[in-house]
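Examination of the molecular architecture
Residues per chain, in single letters:
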Amino acid sequence: MLCQTSDELQHFVEEAKKHTKEGKVANYIPELGKANPDQLSIAIHYPDGRCISAGDIQTKMTLQSISKVISLAFVLMDRGFRYVFERVGMEPTGDPFNSIAKLETMAPAKPLNPMINAGALVVTHMIKGDTVQDRFNRLLRFIRGLADDPSIDYCERVARSEFETADLNRALCYFLKQHHIITEDVETLLDLYTKQCAIEMNCLDLARIGLIFAMDGKDPLTGKQIMPDDVARICKTFMVTCGMYNASGEFAIKIGIPAKSGVSGGIMGAVPGRFGIGIYGPALDDKGNSVAGIKLLELLSKNYQLSMF
Ligand code: GLU
């Protein structure tokens, strides 16, 4: 059985919203600190075109780490599996997303997976193009295609705010450069990465993108195969093993769907073969996941048996 109406969904949003008080908005990127912690919204996009939604659905969020799964799909298509996985691994870390610890203890200094910052920076480094603008536009075009929304753009304020304060990511880049995992100028890479993370949309668009992953890379509404099914499969596997930071194991047990979250409070879910989910709830738990968003998914998963396991 599936959740059929926006009213049904509204009931779950009201229940989960009580938990927003347990979290805090991220403020290490100063612009993100301006978000309203009480907000919560969700959209569910079905393959037959129906979309149900509830909460503050027009509020836009920046993708932040959710962009990592999309840039991974993009470079897998651009470069091929072999090239990509020679430079970034496939294993969860159990560490926070911005940790430098394992980079130092692993040899070679190849990031363990593309969902942690070190790995995502290597993935962004692999986006082809002559200039930052060119590389960014290629990625943005891909994202607009996934969401079927040509109006999607990035938020300049958030990008700038992160660029000006991203010293930890700079440190990761310099470390990776020292070990020849990346070869370009660090500021150039950070310019591209912070723009990528600042790509902005509402939960309706996010659910539409989740749907493409859920349907193995094919847009069920246009019939277009936007990414090869193998690419979608790899992305969903990473979402399960490391999509929810170092809470991915608990999330798999309690909720059991491929999902990726970001420090803006977004969560993209892809219920295999069934539907896409987009959530926005900027109050985060101590791991960096939307506290009310997780509650909401927990309620939905229990009520509608969404776990894939
Ligand atoms: N742009 C953020 C960073 O690199 C993304 C982090 C996240 O959403 O987990 O710190």
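This text gives an overview of the structure that appears in the document. (Residues numbered from 1 in each chain as written. Predicted model: local features only at pLDDT ≥ 70, side-chain atom pairs only at ≥ 80, totals over all residues. Heavy atoms only, no water.)

**What to know about helix α6 (residues 132-147)**
How we decide: Secondary structure follows DSSP: runs of H or I at least 4 residues long count as helices, runs of E at least 2 residues long count as strands, and numbering of each begins at the N terminus. One less than the residue count of a helix, multiplied by 1.5 Å, gives the span that helix is expected to have. Note on exposure labels: buried denotes an accessible area under 20% of the residue type's maximum, exposed denotes more than 50%, and partly exposed covers the range between, all computed with a 1.4 Å probe on protein chains only. The directions from the helix axis to the C-beta atoms are what the arc is built from. Residue contacts are defined here by distance: any two heavy atoms, one from each residue, within 4.5 Å place the two residues in contact.
Taking 1.5 Å of rise per residue, 16 residues should cover 22 Å, and α6 covers 22 Å from first to last C-alpha, within 8% of that figure. For α6, the complete set of buried residues consists of V132, R135, F136, L139, L140, F142, I143, L146 and A147. Taken end-on, α6 shows its buried residues confined to a sector of 155°, consistent with a single buried face. Contacts from the buried residues of α6 go to α2 (66-79), α5 (117-125), β4 (153-154), α9 (186-197), β5 (199-201) and α10 (203-214). Just downstream of α6, D148 is the residue with a positive phi angle, here 55°.

**Concerning the site of the ligand**
Stated precisely, the cut-off is as follows: We call a residue near a molecule or strand when any one of its heavy atoms sits within 4 Å of it. Polar contact is defined as a pair of N or O atoms within 3.5 Å, subject to the rule that within protein one atom must be able to donate a hydrogen and the other to accept it, and that residues adjacent in sequence are counted only when both atoms are side-chain atoms. Every accessible area reported is derived by Shrake-Rupley at a probe size of 1.4 Å, with residue values counting cover from the shown protein chains alone. In this classification, the charged set is Asp, Glu, Lys and Arg, the nonpolar set is Ala, Val, Leu, Ile, Met, Phe, Trp, Tyr, Cys and Pro, and all remaining amino acids, among them Gly, are polar.
In the vicinity of the ligand, the residues found are Y28, Q64, S65, F97, N117, E162, N169, Y193, C197, Y245, G262 and V263. A distance of 3.0 Å separates an oxygen atom of the ligand from a polar atom in the side chain of N117. The contact in question runs from an oxygen atom of the ligand to an N or O atom on the side chain of N169, over 3.0 Å. Protein burial of the ligand: of its 300 Å² of free accessible surface, 99% is covered by the chains. Split into classes, the residues belonging to the shell around the ligand amount to six nonpolar, five polar and one charged.

**Digging into the sheet that holds strand β6 (residues 259-261)**
Selection rule: Whether two strands pair depends on DSSP finding at least two bridges between them. Each axis is a line fitted through C-alpha atoms, taken for helices only over the stretch in contact, and angles between the N-to-C directions span 0 to 180 degrees.
Strand order in the open sheet formed by five strands is β2-β1-β8-β7-β6, with antiparallel pairing between adjacent strands. Lying at the two open borders of the sheet, with one neighbouring strand each, are β2 (51-55) and β6. When strand polarity is set aside, the average angle formed by the axes of neighbouring strands in this sheet is 10°. As judged from the three bridges shared by β6 and strand β7 (residues 266-271), these two strands associate in the antiparallel manner. Across the sheet, the residue bridging to S261 is I267, located in β7. Against the sheet, α10 contacts β1 (41-45), β2, β7 and β8 (275-280), and its axis sits at roughly 145° relative to β8.

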